[in-house]
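# Observations on chain architecture
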Amino acid sequence: MSYKIGIIRGDGIGPEIISEAQKVLEAAAVRFGLEFEYTEILMGGASIDVTGLPLTDEAIEAAEGCDAVLMGSIGGNTSTSPWYKLPPDKRPEAGLLKLRKSLGLFANMRPAYLYDQLREACPLRDEIIGDGFDLVVMRELTGGLYFGERKTFEEEGLRKAVDTLSYREDEIRRIAIRGFDIAMKRRKKVTSVDKANVLDSSRLWRQVVNEVAQDYPEVELEHMLVDNCAMQLVRDPRQFDVILTENMFGDILSDEASMVTGSIGMLSSASLREGSFGLYEPSHGSAPDIAGKNIANPIATILSASMMLRYSLNLDQAADAIDAAVEKVLADGYRTLDIMSDGMTRLGTCEMGDRIAECIQLG
Ligand code: IPM
Ligand code: MG
């Protein structure tokens, strides 16, 4: 069976981590008799350098023509890169926002899981970690502040800027349904996060989430204010299963959730819509400072590739094999720099990809 995979290498460490993910995909292809056909798609700074735009219409069309898209990372150093001298809508990040919006990828799933082998990387105290935590942030991705009307202007001689946070009930309902569906496959708890003590958009969010909850009697639902949630994530992350939240809160909380695992270089993410198509990318950024040095951790991208096999291509067996290979390599004591600890064997980006691919081949 042949599958069409869009590949966005992007900027910074993007190209090198994508190469490792492809190496691992090829190992899975050989073992399970699959065929992956790759389409290279330009986005971010890499696209600006070639086309002058962070994402062209052709690139969107190419992505649409694939079964799923795997992305590395985009963006450069915001103080030194010439990309950040361009107007905001021409910068690398604008490409990613446009891709999410054009493809209607409204549901962003970001798992934050503490690998047992990486406990020592977790910045939380042992009694807080307990027997570990495993949560997923379900972030609304095509609405809210990111896509509301914005402008900067002058009023009575003073500069003023406005961003608009708006949500329509159908936008809330569809992400809530996704959150509850995922909870049904996990520990059946949803924490819906908002700022309902201040914002109208949050009060509507809460109402709609309550309505959706009626269809999921087995799922325990709680509402939590976003400031409290930020605190609870470091105080007791074990209380969370699915965190369901709007775009901006989800951006912030997902970084926090990944950092408490101590290994942001390990965390994958999926951006989904109705149907099987999805965009898969590591939760971390493009780390321009370490680009090209063969020290970046490719595991988040490799696990994103595994998520892609599972959620878009329905290849659970191959996805399981990738996940198991990652666990095995960690259990064997191999680490990249970011997760290195005493007594472990340090590997470069490329060698880590080799080990994982090898593990898949051996079965
Ligand atoms: C993320 C990133 C993006 C976002 C940026 C690069 C626009 O921080 O995927 O979390 O804010 O959504
Ligand atoms: Mg972010």
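Note on numbering: residues in each chain are counted from 1, in written sequence order. Both sets of labels track the order of writing: A upward for chains, 1 upward for ligands. The predicted nature of this model means local features are confined to residues of pLDDT at least 70 and side-chain atom pairs, given and counted, to a pLDDT of 80 or more, with totals for whole chains, interfaces and linings taken over all residues. Side-chain metrics in this entry use all non-hydrogen atoms of the structure; hydrogen atoms and water are not considered.

Numbering of helices and strands runs from the N terminus; a helix is a DSSP stretch of H or I covering at least four residues, while a strand is a stretch of E covering at least two. Of the regular secondary structure elements, the chain holds 12 helices and 14 strands. Radius of gyration (C-alpha) of the chain: 20 Å, near the 21 Å computed for a compact globule of 363 residues. For the C-alpha atoms alone, the extent of the chain along its principal axes is close to 65 × 50 × 40 Å. The buried share among the 363 residues of the chain stands at 53%. Between two residues, a contact is recorded if the distance between any of their heavy atoms is within 4.5 Å. Expressed as a percentage of contacts within the chain between residues at least 6 apart in sequence, the contacts between residues at least 24 apart total 74%. All accessibility values rest on the Shrake-Rupley procedure with a 1.4 Å probe; residue burial counts only the protein chains present in the view. Total accessible area computed for the chain in this model is approximately 15,800 Å², and 50% of it derives from carbon and sulfur atoms. Computation of the radius of gyration draws on C-alpha atoms alone. For the globule rule, the value is 2.2 Å times the number of residues to the power 0.38. Think of it in three bands: residues with accessible area under 20% of the maximum for their type are buried, residues over 50% are exposed, and the middle band is partly exposed, with areas taken using a 1.4 Å probe on protein chains only.

To continue, consider the domain arrangement of the chain. In terms of domain boundaries, the chain breaks down into domain 1 (1-109 + 264-363) and domain 2 (123-260). Relative to domain 2, the C-alpha centre of domain 1 lies at a distance of 24 Å. Defined here as a combined quantity, buried area equals the accessible surface (1.4 Å probe) lost by two parts on assembly, summed across both. Between domain 1 and domain 2 the total buried area reaches about 1,500 Å² when both faces are included, carbon and sulfur atoms providing 65% of it. A pair is scored as a salt bridge if a Lys or Arg side-chain nitrogen falls within 4 Å of a carboxyl oxygen belonging to Asp or Glu. Our count for the contact surface shared by domain 1 and domain 2 stands at one salt bridge. Here Glu274 and Arg178 are joined by a salt bridge, their closest N and O atoms 3.9 Å apart. In protein, a polar contact requires one atom able to donate a hydrogen and another able to accept it; more generally it is a pair of N or O atoms within 3.5 Å, and residues adjacent in sequence count only if both atoms are side-chain atoms. Our count for the domain 1 to domain 2 interface comes out at four residue pairs in polar contact (both at pLDDT 80 or more). At the level of secondary structure, the elements contributing two or more residues to the side of domain 1 that touches domain 2 comprise α4 (92-102), β4 (107-113) and β11 (268-272). Classification used: nonpolar for Ala, Val, Leu, Ile, Met, Phe, Trp, Tyr, Cys and Pro, charged for Asp, Glu, Lys and Arg, polar for all others including Gly. Per-class residue counts for the side of domain 1 that touches domain 2 are eight nonpolar, four polar and four charged. For each domain, the first and last residues come from an automatic or database assignment.

A word on the pattern of salt bridges. A side chain of one charge can pair with a side chain of the opposite charge when the charged atoms of the two come close. Counted according to the given criterion, the structure contains 27 salt bridges. The salt bridge involving Glu127 is made with Arg125; its shortest N-O contact spans 2.9 Å. Two residues, Asp163 and Arg150, come together in a salt bridge whose shortest N-O distance is 2.7 Å. With a gap of 13 residues between them, Asp163 in strand β7 (residues 158-163) and Arg150 in strand β6 (residues 150-155) connect regions that are remote in the sequence. Assessed through its relative accessible area of 45%, Asp163 is described here as partly exposed.

A positive phi angle is found at Glu156, which is not glycine, with a value near 50°. Here Glu156 lies in the loop between β6 and β7. Positive phi, close to 60°, is recorded for Lys188, a residue that is not glycine. Position of Lys188 relative to the elements: it lies in the loop between α6 (169-184) and β8 (189-194). Residue class for Lys188 comes out partly exposed when judged on its relative accessible area of 28%.

Okay, the pairing of strand β3 (residues 68-73) next. Regular strands place side chains that alternate from one sheet face to the opposite one. The buried fraction of β3 amounts to six of the six residues, a majority that puts the element mostly inside the structure. Where strand β1 (residues 2-10) lies against β3, five bridges are found, and the strand directions are parallel. Looking at the pairing, Gly6 lines up with Val69 of β3. Two strands pair when backbone bridges link them, and β3 and strand β12 (residues 278-282) are joined in this way by two bridges, in the parallel orientation. From the neighbouring strand, Leu70 faces β12, where its bridge partner is Tyr280. Two strands make a pair as long as DSSP finds a minimum of two bridges between them.

Here, the term nonpolar core denotes a set of buried Ala, Val, Leu, Ile, Met, Phe, Trp, Tyr and Cys residues that are joined through side-chain atoms within 4.5 Å. With 66 residues, the main nonpolar core has Phe36, Leu70, Leu309 and Ile356 as its most contacted residues. Summarising the domain contributions, this core has at least three residues from each of domain 1 (1-109 + 264-363) and domain 2 (123-260). Non-local contacts of Phe36, meaning those with residues more than four positions away in its chain, are made with Tyr3, Ile5, Leu25, Glu26, Ala29, Leu309, Leu313 and Leu315. In terms of nonpolar packing, the next biggest core, distinct from the first, is built from 17 residues, Ile41, Met43, Val69 and Leu96 among them.

This brings us to the pairing of β8. Among the six residues that make up β8, six are buried, leaving the element largely enclosed by the rest of the structure. Alternating positions in β8 separate into two faces, Lys189, Thr191 and Val193 on one and Val190, Ser192 and Asp194 on the other, with burial throughout. Bridge analysis of β8 against strand β9 (residues 220-225) gives six bridges, and the strand direction is parallel. When the sheet's bridge partners are listed, Val193 is paired in β9 with Met224. Crossover handedness for the path β8 to helix α7 (residues 200-213) to β9: right-handed. With four bridges joining them, β8 and strand β10 (residues 242-245) adopt parallel strand pairing. Along β10, the bridge assignment pairs Val190 with Val242. With the strands aimed away from the viewer, a crossover counts as right-handed if its path from the first strand over the helix to the second runs clockwise.

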